[in-house]
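# Breakdown of the fold
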Amino acid sequence: MKKYRIGVEVTLEVIGGKWKSIILYHLTTGRKRTNELRKLIPAITQKVLTQQLRELEKDGIVNRTVYYEIPPKVEYELSEYGLSLKTVLDSFCMWGENHLDKVYGDKSAVLECWPDDAYEHI
């Protein structure tokens, strides 16, 4: 059994890395198909997206629903347990945007999309 020194280590092991938090952020607005996630995260490869979703599913953060139809359809959504990460993701977003303001003076100069209601869905 792996031992941890602090809870942050565990959190980062589950949702850390380049893509997991971004995937989870997009799932806070509701269930998505793989193709929808690819459009929302254009820099991620299909292979990496699939791998990250499988890991999140294994950890109980994401639910995967398969619809046996033609063509096959698969949707992902936050599990009840995964929904508990909304406040963490909200804090990540706010901290990042505050950091951009601090470094650049105005986050809108470097943040591609800044909706006025960015946190209303979280």
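Residues numbered from 1 in each chain as written. Predicted model: local features only at pLDDT ≥ 70, side-chain atom pairs only at ≥ 80, totals over all residues. Heavy atoms only, no water.

## Focus: the overall build of the chain
Test applied: Helix numbers and strand numbers start at the N terminus; a helix is a DSSP run of H or I with at least 4 residues, a strand a run of E with at least 2. When accessible area is computed with a 1.4 Å probe and restricted to protein chains, residues below 20% of their type maximum are described as buried, those above 50% as exposed, and intermediate ones as partly exposed. Shrake-Rupley sampling with a 1.4 Å probe provides the accessible areas, and residues are treated as covered by the protein chains on show and by no other component. Charged residues are defined here as Lys and Arg on the positive side and Asp and Glu on the negative side; His and the ends of the chain fall outside this count. Here the site of a charge means atom NZ of a Lys, CZ of an Arg, CG of an Asp or CD of a Glu.
Helix and strand counts for the chain come out as 6 helices and 3 strands. Going residue by residue from the N terminus, the α and β elements of the chain occur as α-α-β-α-α-β-β-α-α. By principal-axis analysis of the C-alpha atoms, the chain measures approximately 50 × 40 × 25 Å. Split into buried and exposed, the 122 residues of the chain put 27% on the buried side. Surface accessibility of the chain: about 8,500 Å² in total, with carbon and sulfur atoms responsible for 54%. The average position of the 18 basic charges and that of the 18 acidic charges among the side chains of the chain differ by 8 Å.

## Remarks on the nonpolar core
Short version of the rule: Only buried Ala, Val, Leu, Ile, Met, Phe, Trp, Tyr and Cys residues count toward a nonpolar core, and they belong to the same one when joined by side-chain atoms within 4.5 Å. The contact criterion used throughout is that any non-hydrogen atoms of two residues lie within 4.5 Å.
By size, the foremost hydrophobic cluster in this structure holds 17 residues, and its most contacted members are Ile23, Leu24, Leu27 and Val62. If you list the elements that add at least two residues to this core, you get helix 2 (20-27), helix 4 (46-58) and strand 3 (73-78). Once you skip the residues sitting within four places of it in the chain, Ile23 turns out to touch Leu37, Ile41, Ile44, Leu49, Gln52, Leu53 and Leu56.

## Some details on a nonpolar patch on the surface
Condition: Residues forming no salt bridge and having over 30% relative accessible area are the ones grouped into patches, like charges within 9 Å of each other and nonpolar side chains (Val, Leu, Ile, Met, Phe, Trp, Tyr) within 5 Å. Throughout this description, the term salt bridge denotes a Lys or Arg side-chain nitrogen within 4 Å of a carboxyl oxygen of Asp or Glu.
The grouping of Ile6, Val8, Leu12 and Phe92 at the surface amounts to a nonpolar patch, some 380 Å² of accessible area in total. Take Leu12: it is sitting in helix 1 (residues 7-15). What makes Leu12 partly exposed here is its relative accessible area of 47%.

## Quick word on the UniProt feature "domain: HTH hxlR-type" (unreviewed entry) in the chain
Put simply, the rule is: UniProt positions are given in the numbering used here, feature names are shortened, and annotations may be inferred rather than shown by experiment.
UniProt records the feature "domain: HTH hxlR-type" (unreviewed entry) at residues 6-104, using the numbering of this structure. When the span residues 6-104 is considered, its composition is 61% helix and 14% strand, and the gap between its end C-alpha atoms is 32 Å.

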